[in-house]
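Geometric and topological summary
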Amino acid sequence: MEMIFEDYFPQLANHWQVGESQLKLHWDELRSDRQFLSDLNSVVRDVPEFMGACFKHVRDLRNYRCLLYLFTRVIQPEIFVETGVLNGFSSAFILLAMRHNRKGILYSIDLPPDDEILEQGNRPVPQGKSAGWVIPDSLRSSHHLLLGRAQTILPDLLEKQSSIDAFLHDSDHSYSHMMFELGLSWDYLRPGGWLLCDNVEANSAFSDFERGVDGNGLIVASFNTPTRIWKHGLLQKPLRAVDCDDHAGAAASVKGKKTTAEGAPGRLEQAAIRSGLPGGTGAVPARGSMPRAGGRAKRGPLT
Ligand SMILES: C[S@@+](CC[C@H](N)C(=O)[O-])C[C@H]1O[C@@H](n2cnc3c(N)ncnc32)[C@H](O)[C@@H]1O
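The model shown is predicted, which means the values in this text are computed figures rather than measured ones.

1. Some thoughts on the overall build of the chain
Counting its secondary structure elements, the chain contains 10 helices and 7 strands. The buried share among the 303 residues of the chain stands at 41%. By sequence separation, contacts in the chain at least 24 residues apart represent 73% of the contacts at least 6 residues apart.

2. Focus on the site of the ligand
Near the ligand lie 20 residues; those nearest to it are Gly 84, Leu 86, Ser 90, Ala 150 and Asp 172. Those elements that provide at least two residues to the shell around the ligand are α5 (89-101), β2 (105-110) and α6 (150-160). Its residues placed into classes, the shell around the ligand shows 8 nonpolar, 8 polar and 4 charged.

3. Some details on the packing of α6 against helix α7 (residues 175-188)
Two elements in contact, α6 and α7, have axes whose closest approach is 10 Å; the angle formed by their N-to-C orientations is 5°. Judged by the inter-axis angle, α6 sits roughly parallel to α7. Contacts between α6 and α7 involve Ala 150, Leu 154, Pro 155 and Leu 158 from the first element and Glu 181, Leu 184, Ser 185 and Tyr 188 from the second. For the contact of α6 with α7, the residue count by class is 6 nonpolar, 1 polar and 1 charged.

4. Quick look at the environment of Phe 36
Looking at where Phe 36 falls in the secondary structure, it is placed in helix α3 (residues 34-44). Phe 36 gets classed as buried once you count the C-beta atoms within 10 Å, which come to 22. Along the backbone, Phe 36 and Phe 93 are 57 residues apart, and their C-alpha atoms lie at a distance of 9.1 Å.

5. Describing α6
Within α6, burial applies to Ala 150, Leu 154, Leu 157 and Leu 158. For α6, the buried positions fall inside an angular range of 95° around the axis, keeping them on one side. For α6, the exposed residues lying more than 90 degrees away from the buried face are Thr 152, Asp 156, Glu 159 and Lys 160. Where α6 is buried, its residues contact β1 (79-83), β2, β3 (143-147), β4 (164-169) and α7.

6. Observations regarding unusual backbone geometry
Unusually for a residue other than glycine, Met 51 sits at a positive phi of about 45°. Exposure remark for Met 51: the 7 C-beta atoms within 10 Å place this residue in the exposed category. A positive phi angle, close to 55°, is found at Gln 76, a residue other than glycine. One can find Gln 76 in the loop between α4 (63-75) and β1. Since 16 C-beta atoms lie within 10 Å of it, Gln 76 is described here as partly exposed.

7. A closer look at the nonpolar core
Ranked by size, the top nonpolar core spans 65 residues in total, and within it Ala 92, Phe 93, Leu 195 and Leu 196 carry the most contacts. If sequence neighbours within four positions are ignored, Leu 196 has contacts with Phe 71, Ala 166, Phe 167, Leu 168, His 232, Gly 233 and Leu 234.

8. Side note on the packing of helix α2 (residues 20-31) against α4
It is the contact of α2 with α4, at a shortest axis distance of 10 Å, that shows an interaxial angle of 125°. With respect to α4, the element α2 is oriented oblique. When the axes of α2 and α4 are compared, the crossing they make is right-handed. Listed contacts from α4 to Gln 22, Leu 23, His 26, Trp 27 and Leu 30 of α2 are Cys 66, Tyr 69, Leu 70, Arg 73 and Val 74. Tallied by class, residues from the contact of α2 with α4 come to 7 nonpolar, 2 polar and 1 charged.

9. A closer look at α4
End to end, α4 covers 18 Å across 13 residues, agreeing with the expected 18 Å (1.5 Å per residue, within 8%). Burial of α4 is extensive: 12 of the 13 residues sit out of reach of the surface. Within α4, the full set of buried residues consists of Asn 63, Tyr 64, Cys 66, Leu 67, Leu 68, Tyr 69, Leu 70, Phe 71, Thr 72, Arg 73, Val 74 and Ile 75. Taken from the residues just after α4, Gln 76 is the one with a positive phi, measuring 55°.

10. So, the confidence of the model for the chain
Averaged over all residues, the pLDDT of the chain equals 80, while 74% of them reach at least 70. Below pLDDT 50 for its whole length, residues 247-303 participates in 107 contacts with residues either more than four positions away or in separate chains.

11. A short note on the environment of Pro 126
On the secondary structure map, Pro 126 appears in the loop between β2 and β3. Along the primary structure Pro 126 and Leu 86 are separated by 40 residues, whereas in three dimensions their C-alpha atoms are 9.7 Å apart. If we ignore the near neighbours within four places in the chain, the residues touching Pro 126 are Val 47 and Glu 49.

12. Examining the pairing of β2
The element β2 is largely enclosed, with a buried count of 5 among its 6 residues. The sheet contact formed by β1 and β2 spans 5 bridges and is parallel. Paired with Val 81 across the two strands is Tyr 107, which belongs to β2. With α5 bridging β1 and its parallel neighbour β2, the resulting β-α-β unit is right-handed.

Conventions and cut-offs
Counting of residues starts from 1 at the beginning of each chain's written sequence and follows it residue by residue. With the structure being a predicted model, the display of local features is reserved for residues of pLDDT at least 70 and the display and counting of side-chain atom pairs for 80 or more, all residues being used for whole-chain, interface and lining totals. Every helix listed is a DSSP run of H or I at least four residues long, and every strand listed is a run of E at least two residues long, numbered separately from the N terminus. Counting other C-beta atoms within 10 Å of a residue's own tells you its class, since 20 or more makes it buried, 12 or fewer makes it exposed, and anything in between is partly exposed; those C-beta atoms are placed from the backbone. We call two residues in contact when the distance between their C-beta atoms, placed using the backbone, is within 7 Å. In this text, near has one meaning. A residue is near a molecule or strand if its C-beta atom, placed using the backbone, is within 6 Å of it. Residues are grouped as follows: nonpolar covers Ala, Val, Leu, Ile, Met, Phe, Trp, Tyr, Cys and Pro; charged covers Asp, Glu, Lys and Arg; every other residue, Gly included, is treated as polar. A fitted line through C-alpha atoms serves as each axis, taken over the contacting stretch for helices, and the angle formed by two N-to-C directions is quoted from 0 to 180°. Angle categories are assigned with fixed cut-offs, so that under 35 degrees is roughly parallel, over 145 is roughly antiparallel, 65 to 115 is roughly perpendicular, and the rest are oblique. Of all possible arcs, the one meant is that of the directions from the helix axis to the C-beta atoms. Working definition: the nonpolar core is a set of buried Ala, Val, Leu, Ile, Met, Phe, Trp, Tyr and Cys residues, joined through C-beta atoms within 7 Å. Each crossing is labelled by how the near helix is turned from the far one, with a counterclockwise turn of less than a right angle marking it left-handed and a clockwise turn marking it right-handed. Expected helix span is given by 1.5 Å per residue-to-residue step, counting one fewer step than there are residues. As a per-residue quantity, pLDDT reports the predictor's confidence and falls between 0 and 100. Strand pairing is assigned whenever DSSP identifies at least 2 bridges connecting the two strands. The handedness rule is simple: strands pointing away from the viewer, and a clockwise path from the first strand over the helix to the second, make the crossover right-handed.

Here you go:
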């Protein structure tokens, strides 16, 4: 049975440090936005793979995307990076919130149409379409879609940004790839920025990462069927800036790596270390090697 989205409002309000009334306000504005639904319906109407779908409520597009809308309205990110676009529904919800915020740029990364990764079990986009095809034209001015493997596009993109406000992982849910994206984006998140991770039920990557940075995340379940529960992780980077000593400390916990600030691995090398990719040991930073997440948010139940 699908959860009642509003049931999570008290936990989300606590995690985001806002009043529940603010969440209700944003939820009301989203669910009463007939134009948004009509724009999406008109894009999918004649696409055979959507089999005449007609969305009557934003919930029909999953509570997960509604959660992304609320997150973007509350946190007001200037620079938001997501991996995993597929049809573009998550991007559309984020971009709609950015339009209401009157600020924000979304960078989205997905594979080009001819690069199917069948081993991940992802359904391809419909015939003749490419990633992000459902995003309404009216929302595209704040959007940058980058096609290619996250393994190559993400490091380049992050290096060009001095810092980002929010990162969403929803691409390849293998353990090593999740650790790669989480570790790399964490280094570029501004203090107080947010890491979002879809499908944390896929493996222990999110919880291992959270433990590694001594974080205090929240996990929200958006569907609960007899066969499948989808879970989404939210983790805030500590407000205190990570300084060179912290990086050196994190590096010191990794076997075989130099431990002085001068000799500490750089951002990309640290991400590789955490992810087990070439150049790394597969370890995550030891508990306590990164600063605490402020200790204010409560962990939600794994419902
Ligand atoms: C679950 S779908 C994303 C769904 C989307 N976030 C939404 O909610 O509407 C996962 C997407 O990740 C993309 N993907 C998988 N591995 C990737 C990689 N290594 N680099 C970039 N994109 C990848 C797939 O092509 C697929 O479109």
